[in-house]
Structures are given as C-alpha cells and as structure tokens.
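# Summary of the model geometry
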Amino acid sequence: MARGRVTAIDAAAALALDGVALVLTHEDALRLADTEDGELAILQDEGIGFRGQYLGAVLAETPETARHGADLVEITTDVAPHDAHFRHDHPQVREAEGGADDVETGDVEAALAAAEIVVDQRYSTPLEHNNPMEPHTTIARWDGEELTLWTSTQGVHPARQALAPILGIEPEQLRIISPHVGGGFGSKGVPHADMMLTALAARAVPGRTVKYAVSRQHMFAITGYRPATSQHFRIGAGPDGTITAFVLEAVSSSSHTKEFPEEAIKPSRQMYAGEHRRITQRLLPLDIAVPSWMRAPGEASGMVGLEMVMDELAEACGLDPIELRARNEPVLDPDTGLPFNQRRLLDCLREGAERFGWAERDPRPRARREGGWLIGTGVASATYPASRQPGSQARIRLTAGSYEVGIGAADLGTGTWTALTQVAADALEVDPEQITLQIGDTSLPNATVAGGSTGLASWGTAVMAAAQTFRREHGRAPSDGAESTGEAEENPAEEELAMHSYGAHFAQVSVQETTGEIRVDRMLGMFSAGRIINPRTARSQFLGGMTMGVGMALHEKGELDPRFGHVVNHDLAEYHVPVNADIRSLEVHWLDEEDPQAGPLGARGIGEIGIVGAAAAIANAAHHATGVRVRDLPLFGSDFLPR
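## Remarks on the overall build of the protein chain
Counting secondary structure elements, the protein chain contains 15 helices and 25 strands. Its C-alpha atoms give the protein chain a radius of gyration of 26 Å, near enough to 26 Å, the size a compact globule of 643 residues would have. Along the longest, intermediate and shortest principal axes, the C-alpha atoms of the protein chain span 75 × 70 × 50 Å. Per-residue burial for the protein chain yields a buried fraction of 58% across its 643 residues. Summed over its atoms, the accessible surface of the protein chain is roughly 25200 Å², and 48% of this surface lies on carbon and sulfur atoms.

Quick look at the structure:
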C-alpha cells in the first residue's frame, strides 16, 4: 500500500521465536526531538506515506532469525486513497516549498512568433536508482547517552550534524566512523531512514551492538533515487542557428513524505546565449518513496533534454551540431551576467571531434549501414558547477618521523586515500611514504560531504593550508609531536566569476535493422576540469560517469506501479545496469590546464561531469543511425522498429 495508517501490530509470534530479543514499533520507539524531516521521522506515529516505509524492527541474535521474526509480525492497516502516477500536466504540479527560482528575460512569446525556425518538443527521464555494490549498512551502539555509528556515508561530519539534533543529543555525543565506502553515487550523501532505524533499535537495547544491512530490494525504496522529469523545450532561432527565444518548462516527481526537487533547469540556465528566455522548474509530490541525490542531480537529467533539443535544432537549421553550439556560445554567463572562470567548451568539442574522427561523418541519418546494422554518431556538451565548500579542516602531526594527516573526509572508491596523500606530500615536500592519512571519523577535524564534485578541492585546500602552517610554525626540522591545523575558507572568486567545468561526449552506436537492438560501439569524452591531481583515479572517475551515462541511455528505468506506488523491478536481475559486454570502447581525455581561480590546487571536481551529457550523445547517435528521434529515456529497441 502507498498510503494509510497502522491500526494494530501483533508481534506475539515473533517474540515467541527463539533468538528474538525485541520488536520495536511506533508505540515504543524513542521519541525524536525533531520530526520535521519526514524521511527520518520513522516509528513516530501510525501514518504510512509510501510503500516500503519502515513500520518496525525485529531485533534478534542472527540476521536469519530477525528476518524470520519480521515475517511473523502481523500488521493491520487502513488503506487510504493515493496518487503515485507522474505526469507533467497533473493538477497538483506546483512550485518547490522554497519558492520558484525561475528565469524570465525579454519577450519570449514575441521572439518565438518572429523566429524563422522553432523546435517545440518534450523530453523525459525516468526514475533511476543508485546501486552501489556495497549496500547501505549501519552498526550502532549506545553507551549511556553517547551513540557510535559505524556506517557507510559520504560525510561523517554532515551526517552527525543532521542526526544529532533529531535524536536530541549534542553532536559531540555522536561518533560516526566510515573509513571506507564501497560506492555511493549520492545515495550516501545524506542520512536515510535505515541509519535512523538502526540508531532507534540500538537505543532500545543500550550497551548492545545492533547491525542492519539494507537489502538490495529495499534500497529502491529507502536510500534515495533520481526522480522522473518532464522537460518541455520551445526554442526559436534564425536560419543561421542563432537562438532568439529559449523556453524550458521542467517538472520533476517528488514525495509527500519529504520534498526533493530534481532541478533539471540548472544546465539550461547557463549553457547557451539568448536574449529572450523563460526557464521554470516545478515538482509533483506523490505518495511514493523519497527521492534524493544521484550522481549530478539536476544536471544529469537536465542535460538530456537540452542536448537532444540542440541536436534537433541543428538538424532543422542544416548545421553541424558542433557548429550550432559554437554559434550560441555566450560571452558572459547568461544566468548571472558574470564572466566565466575558464569556459573551454569549444576547445573540448573541437579537440574531441578531431580525436573521434567527427569530420568523416555523413550528416544524413541512415547514411551508413554495415551488415544489417545502422551506424550513427552523436555529440553532446557537458557542464557541471565548480566550487569548493568552506569549513573543512585538517590536522598535521609529526610522530616518530611520520606526518599524520587527519581530516574527516570520505573515500567512495574515488581515490581520496591516494589523492590526499599526494597533496599532503607535495605541500610538505616529503615522500608520500612519510604520510599517514586518517579519514572517515568524526573524531578527526571537520570535513564537508563528498558531493557536488567538491570533495578533493575542499579537503585538499584544508590539507595544503595545514601543511603551510606546519612549515611556518615548525620549520624544516620539526620536533616529534609538532602539530598544526589548517582550514579551507570560502573561495572569493565564486562571487566574481561563473565557475564551471565543461566537456564534450562523442558516441557511435549500431542499431540492428530488424530487431532494433542498440549497441554503443565507442564513446569518447573530452573534459576541461582544471589541474588533474591523479591521472589514474581521474580517468577512473570519468569512465565511471560515462558508463552510468550508458545506463541512463539504454538500460535504467524504475518501473513504478501506480496502483501500489512501488518500483516492481527492484533488484539487479530486472533493473538493468551496464555490464562489461555493454562497454566496448571508452576513451577519456582532458585539456592540459590549471585553474588558479579554483583555489590553491588549481583543480575542479570531476566526479559528476562524466555522466552529464553522456546519455544525450548516445540518443543523438541513435537518431543519426536510424532517422528515428526517441525523446524518452531509456531507448528501447522497439522504438526503432517500423510501426
């Protein structure tokens, strides 16, 4: 059921099971000090807001016994009417709770009426689900009024700041330990209900350790996902391709339990020039699970529609897609009016085109056929904001000849352990072997979340500041026990410049004429992201993002059953993600550059730009191959078969 309330819970059979210690429900769980966050305010009342919501917990000596006990609990409910069907014209579509952040410049309707060429199309992206290989798991223990959580999170300090007030304790009473994270992609960027459930369960058995691992199936309801979007574009242009009017009306799905807007308008606000613009973002709250961050939230979804409509505009104008983008390159940021820090989008497009062999492309759709396969190529731009979060702190202490560097950062498999060791060694001018790095613990100095492609830029700045202070205070021959700290402050350039990274994705696909089967033959990504700290880990990040772009384009879709409000393909057997056989040839390149405006590292984040635009490049290539334009992701083979 998607909505209703619990009327009775009978736990007698579970409690009679050997090995069951306790059954926790809303009737006896700890009362939270703050219930404003609907996602985390679990077991506080009888209300049911979505299918998959936690209604209780069985504590037992083994996981098998706990699962058996949970099956024996009888829950009686009243079912209430619900709505779990997303559509762009739903009467309940509204502004976000914080108000609209719309763009309105010039006279859009007049400019559209006067435009010689108008492209008016709607594009959509579905529910997409984070599936890190490591599930969300938490171990909790209360010792008196102090709580320790061993958990998988993208930020130990942000998680503590979020959870402690809700639990009614001071941040210093909560220690979170997370030195290694087996993937996150945003799903571990903020605490979810599973972490709160484990803390509440442990509170009921003080002094004992409680462990809870979210099942793969339950991750589709509990640990966040990318909401669905509808993106309606109306673009007017002259015959030379210059955009004269730009309209985007975006709608994303959300949850009545907790609002989360997928801001698909973000890339359109600053990508291309145009005097007359109207850009709006709305959301539709439904009786569904709570969405949250997923790699490049907003940008990954929004770039799908934007780069596909630009491809359609290029075709309507008879222009090469790269030339169309060049003709609409802004001098200043269209959103803020600020100059750009380093906008090298055209460099990425042109150098990427040369490496990819774009000049050999016949622009006509269906022009290339090889043994029953239609071959096409496509391109899309990429962008992501470049920033660093202030507040990260690092501590450096010399102990027995080793420089201990401590900061509460996170490593999601992105290479933080390696990169921060390199940064510290470089800043202290010592060998990396002399660095002992400590991360992932709230007992270490504060660190901001590993999110928004800000991790290394923020933490590395703090480590460099600590190293500079250490050398200034203790010199080149410090005594044992010497210690200094440093902090990453706000970057003043972010108030004066439009800070972004850019890139270009190129894709070649093959579509089988009789079956519609789609294969991505090769992809090439060309990026401008400032200084690359570690080429090996950076390449891995770009490849990972591009691979997730393949998933967006061809595989990933949460099939939500509106009758019951749940995702029916909630496992890795039916929710498809790319595997090795799908990734035939991926190339990654970047411009050799540094960005002094980005901070002392000269580096901008790379964790998310690899996925932004990748799906659109594949979709554009599929159109070039077949002449069929599919505007709803993911692409299915049946979309390309004759009707």
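## What to know about the packing of helix α11 (residues 416–428) against helix α12 (residues 455–474)
In contact at an axis separation of 9 Å, α11 and α12 are set at 30 degrees when each is read in the N-to-C sense. For the element pair α11 / α12, the angle class is roughly parallel. Where α11 crosses over α12, the handedness of that crossing is right-handed. Here T416, A419, L420, V423, A424, A427 and L428 of α11 lie close against α12, whose contacting residues are L456, W459, G460, V463, M464, A467, F470 and R471. Here the contact of α11 with α12 is composed, by residue class, of 12 nonpolar, two polar and one charged.

## Section: a negative patch on the surface
A cluster of acidic residues, E487, E489, E490, E495 and E496, forms a negative patch on the protein surface. What makes E487 partly exposed here is its relative accessible area of 40%.

## Focus on the nonpolar core
A general tendency of soluble globular proteins is for nonpolar side chains to be buried together. L313, F506, V509, M523, I618 and L635 are the most contacted members of the largest nonpolar core, which totals 89 residues. Looking at which element gives the most residues to this core, the answer is helix α8 (residues 299–317), with 10 residues. Discounting residues that sit within four places of it in the chain, L635 has contacts with I518, A553, L554, I618, A619, A622, V630 and F640.

## With respect to the sheet that holds strand β10 (residues 174–177)
If you trace the four strands from one edge of the open sheet to the other, you get β10-β9-β8-β11, paired in mixed fashion. Here the strands that pair on one side only, and so sit at the sheet edges, are β10 and β11 (209–213). Taking each pair of neighbouring strands and ignoring which way they run, the sheet shows an average axis angle of 15 degrees. Its contacts with the sheet put helix α4 (residues 156–167) on β8 (137–143), β9 (146–151) and β10, and the angle it makes with β10 is roughly 145 degrees. Relative to β8, helix α5 (residues 193–203) is tilted by about 30 degrees, and along the sheet it contacts β8, β9 and β11.

## Quick look at the packing of aromatic side chains
For any two aromatic rings, the description comes down to two numbers: the centre-to-centre distance and the angle of the planes. Using the criterion set out here, one finds 10 aromatic pairs in the structure. Between F340 and Y502, the ring centres sit 6.4 Å apart and the planes meet at 75 degrees, which makes this aromatic pair edge-to-face. Taken together, the residues F340 in the loop between α9 (321–327) and α10 (345–356) and Y502 in strand β21 (residues 500–512) connect sequence positions 162 residues apart. The class of Y502 is buried, set by a relative accessible area of 0%. Where W358 meets F506, the ring centres are 5.7 Å apart and the plane angle is 70 degrees; that geometry is what we call edge-to-face. Note that W358 is positioned in the loop between α10 and β15 (369–370) and F506 in strand β21, a separation of 148 residues in sequence. The burial state of W358 is the same as that of F506; both residues are buried. In this structure an aromatic cluster arises from ring pairing among Y123, F233 and F246. Above the plane of the ring of W142 lies R203, whose end atom (NZ or CZ) is 4.4 Å from the centre.

## So, helix α15 (residues 614–626)
With 13 residues, α15 extends 19 Å from end C-alpha to end C-alpha; this agrees with the ideal 18 Å at 1.5 Å per step. Extensive coverage of α15 is indicated by the burial of 13 of its 13 residues. With its phi angle positive at about 80 degrees, G627 sits one or two positions after the end of α15.

## Focus on the sheet that holds strand β5 (residues 74–79)
Pairing in this open sheet of three strands is antiparallel, and the strands run β3-β1-β5 from one edge to the other. Pairing within the sheet leaves two strands with one partner each, and these edge strands are β3 (47–48) and β5. Sheet topology note: the strand β1 (residues 4–10)/β5 ladder contains six bridges and is antiparallel. What sits directly across from I9, in β5, is I75.

## Description of the pattern of salt bridges
Taken as a whole, this structure holds 43 salt bridges when the rule is applied. In this structure, E307 and R325 form a salt bridge, with 2.8 Å as the shortest nitrogen-oxygen distance. Taken together, the residues span a long stretch of sequence, with E307 in helix α8 and R325 in helix α9 at a distance of 18 residues. There is no split in this pair, since E307 and R325 are both buried. It is possible to trace a salt-bridge network through shared partners that takes in R344, D347, E593, D595 and R604.

## Concerning unusual backbone geometry
Residue P634 is bonded to the preceding L633 through a cis peptide linkage, with omega at -5 degrees. Along the chain, P634 turns up in the segment after α15. Phi is positive for F185, close to 60 degrees, though the residue is something other than glycine. Within the fold, F185 resides in the loop between β10 and α5. Of note, S453 is a non-glycine position whose phi angle comes to about 55 degrees, a positive value. Inspection of the secondary structure assignment puts S453 in the loop between β19 (435–438) and α12. Judged by its relative accessible area of 11%, S453 is buried.

Thresholds applied
Residues numbered from 1 in each chain as written. Predicted model: local features only at pLDDT ≥ 70, side-chain atom pairs only at ≥ 80, totals over all residues. Heavy atoms only, no water. Helix = DSSP H or I, 4+ residues; strand = E, 2+ residues; numbered from the N terminus. Rg over C-alpha atoms; globule rule 2.2 N^0.38 Å. Buried < 20%, exposed > 50% of the residue type's maximum accessible area, 1.4 Å probe, protein only. Areas by Shrake-Rupley, 256 points an atom, 1.4 Å probe, with all protein chains shown as cover. Axes fitted to C-alpha atoms, helices over the stretch in contact; angles between N-to-C directions. Parallel < 35°, antiparallel > 145°, perpendicular 65-115°, else oblique. Left-handed = near helix turned anticlockwise from the far one by under 90°. Contact = heavy atoms within 4.5 Å. Nonpolar A, V, L, I, M, F, W, Y, C, P; charged D, E, K, R; others polar. Patch = residues over 30% accessible without salt bridge, like charges linked within 9 Å, V, L, I, M, F, W, Y side chains within 5 Å. Salt bridge = Lys/Arg side-chain N within 4 Å of Asp/Glu carboxyl O. Lys, Arg positive; Asp, Glu negative; His and termini not counted. Charge placed at Lys NZ, Arg CZ, Asp CG, Glu CD. Core = buried A, V, L, I, M, F, W, Y, C linked by side-chain atoms within 4.5 Å. Pairing = 2+ DSSP bridges. Phe/Tyr/Trp six-rings, centres within 6.5 Å; stacked < 30°, edge-to-face > 60°. Lys NZ or Arg CZ within 6 Å of the ring centre and 35° of its normal. Expected span 1.5 Å × (residues − 1).

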